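Take a look at the letters that make up each chain.
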Amino acid sequence: MTTPVAQPRQRSISFPLTARRAALGLTALLSLLLLYFIGVDQGATSLFGSDTHLHEFVHDARHFLGFPCH
Amino acid sequence: MEFRYIYRGLGAGLLGGLLAFVFARIFAEPLVQEAIDYEDGRHEAQEALDAAAGLTAGAHDHGEVFSRSVQRNLGIGVGMALFGLAVGGLFVVVYLIVSRRYPNIRPRVLAALLAGAGFVGLYLVPFAKYPANPPAIGHEETIGARSALYVTMVAVSVVALGLAVVVGRWLAGRVGTWNASLVAGVVFLVLVGVAMALLPAYGHLGANRAEFGDFATETPQPLTAPNGTIVYPGFPADVLFRFRFYSVVSQLVLWATIALAFGQLAERLAVAPARRQARTAASAADRPAPAPTTAPAPTTAAG
Ligand SMILES: [Zn+2]
């Protein structure tokens, strides 16, 4: 029997599975949050009360990207 | 390893968003202005009608938070760039999950497939039911219902796409890749078709039916005086078509940029570890070779 040699497939993963999952989960979460603020916030729902600065600022993008507005 | 992909996915998305913004600034902004001019004109016509009918129109001026100049130059740029960034983030997460599951798919091919799926699932199918609208189209009192319906349509579309892919993968070993892909396509179309049939049109929402009558959309109809003559036209059809067409094109610009830019970067990342391994193998070969069965490999010991 030969001693087990490290597989190249394992070497290509430079950090453990949980860290990978955290990185992917965090990226997905922040992306969704960003989409929400660009597309929906201060329209139907608002995290900043009745303020409309965010809505008005990205207003044209919101229309052009297909999100409901006005 | 993952971070190198994530940075590149975000970068490709940001670049795509910026290119889509350039397109939007040139082609969409004149239409947005036409739509706003239409809205202003309609508002004046409505006030004149109200005055003739003896109604006192309530002061209805919009306090401008940002000037049109800021909105059409800076606001839409920031909005579309950040949208690209967010889409790039979602894209790279899916890319990393799928590429681990199916490591034999070439990076640029996988990037193109996933970008195509993103374009269809996140944008095109929801657009088919609830297309993009310029300003002047959309009633303020239905914004809550419309947002909920739009998000629902996006969610259904994405889930249907996922289910179709699962069905396709399952069938591929049984009826071949081509037939499995066709069946998966049919599954996707049937699922989103059923959802489109079940979800109400914007114009059929209760508040709209009560105030405007039986119209499928919120597109403004001609304004008529009490005697039936049209005093202000309906929303110009050509402006509406061009706005929607350019909306589709700008999304194509965004997703195509992600597919091509990220695909290229991922190809380079994929060959980079292979090159490093080749180098370390070559340097190991220069040293006196230990007996392979007894000594551990020197490369792993070096870390
Ligand atoms: Zn609007």
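Residues numbered from 1 in each chain as written. Chains lettered and ligands numbered in written order. Predicted model: local features only at pLDDT ≥ 70, side-chain atom pairs only at ≥ 80, totals over all residues. Heavy atoms only, no water.

1. Regarding the interface of chain A and chain B
Working step 1: Between chain A and chain B, the residue contacts involve 39 residues of the former and 60 residues of the latter.
Working step 2: Both sides together, the interface formed by chain A and chain B hides about 4200 Å², and carbon and sulfur atoms give 70% of it.
Working step 3: Broken down residue by residue, the surface that chain A buries against chain B is led by F57(A), F64(A) and H70(A), which jointly contribute 20%.
Working step 4: The tally of links from chain A across to chain B stands at 2 salt bridges.
Working step 5: Our count for the contact surface shared by chain A and chain B stands at 8 residue pairs in polar contact (both at pLDDT 80 or more). (Contact = heavy atoms within 4.5 Å. Buried area = accessible area lost by both parts, 1.4 Å probe. Salt bridge = Lys/Arg side-chain N within 4 Å of Asp/Glu carboxyl O. Polar contact = N/O pair within 3.5 Å; in protein donor to acceptor, adjacent residues only side chain to side chain.)

2. Description of unusual backbone geometry
Residues and elements named next belong to chain B.
Working step 1: With phi around 90°, A136 is a residue other than glycine that occupies positive phi space.
Working step 2: Along the chain, the position of A136 falls in the loop between α3 (107–129) and α4 (143–175).
Working step 3: The exposure class assigned to A136 is buried, which follows from its relative accessible area of 14%. (Helix = DSSP H or I, 4+ residues; strand = E, 2+ residues; numbered from the N terminus. Buried < 20%, exposed > 50% of the residue type's maximum accessible area, 1.4 Å probe, protein only.)

3. Overview of the UniProt feature "transmembrane region" (unreviewed entry) in chain A
Working step 1: UniProt annotation of "transmembrane region" (unreviewed entry) refers to residues 21–39 of chain A when read in the numbering used here.
Working step 2: With 100% helix and 0% strand, the stretch residues 21–39 of chain A has end C-alpha atoms that lie 26 Å from each other. (UniProt positions renumbered as here; feature names shortened; annotations may be inferred.)

4. Observations concerning the side chain of H63(A)
Working step 1: Residue position: H63(A) is located in helix α4 (residues 59–64).
Working step 2: By relative accessible area, H63(A) is classed as buried at 2%.
Working step 3: A distance of 3.0 Å separates the side chain of H63(A) from the side chain of H59(A), its partner in a polar contact.
Working step 4: If near-sequence neighbours (up to four positions away) are discounted, H63(A) is found in contact with C69(A), H70(A), A132(B), N133(B), P134(B), P135(B) and F243(B).

5. Observations concerning the pattern of salt bridges
Residue and element names in this part refer to chain B.
Working step 1: Taken as a whole and assessed by the stated rule, the structure comprises 6 salt bridges over all chains.
Working step 2: The shortest N-O distance in the salt bridge between E29 and R68 comes to 3.3 Å. Linking E29 in helix α1 (residues 2–52) with R68 in helix α2 (residues 68–101), this pair joins segments that are 39 residues apart in sequence. Taken individually, E29 and R68 each receive the classification buried, so the pair is uniform in this respect.
Working step 3: Its salt-bridge partner being E218, residue R146 comes within 3.2 Å of it at the nearest N-O pair. On the criterion of sequence distance, the pair formed by R146 in helix α4 and E218 in the loop between α6 (206–212) and β1 (223–224) is long-range, its members being 72 residues apart. With respect to burial, R146 and E218 carry one shared label: buried.

6. Considerations on the domain arrangement of chain B
A common way to state how big an interface is: give the accessible area lost once the parts meet.
All names here are of chain B.
Working step 1: Domain parsing of chain B yields domain 1 (1–56 + 68–137 + 230–303) and domain 2 (138–218).
Working step 2: Counting residues at the interface gives 12 residues for domain 1 and 17 residues for domain 2.
Working step 3: Interface area for domain 1 against domain 2, summed over the two sides, is near 1300 Å², with a carbon-plus-sulfur share of 71%.
Working step 4: Among the residues domain 1 hides against domain 2, the three largest losses belong to V125, K129 and Y130. Together they make up 47% of the total.
Working step 5: One can count 0 salt bridges joining domain 1 with domain 2.
Working step 6: Along the contact surface separating domain 1 from domain 2 lie 5 residue pairs in polar contact (both at pLDDT 80 or more).
Working step 7: Residues belonging to the side of domain 1 that touches domain 2 are distributed by class as follows: 10 nonpolar, 1 polar and 1 charged. (Domains from an automatic or database assignment. Nonpolar A, V, L, I, M, F, W, Y, C, P; charged D, E, K, R; others polar.)

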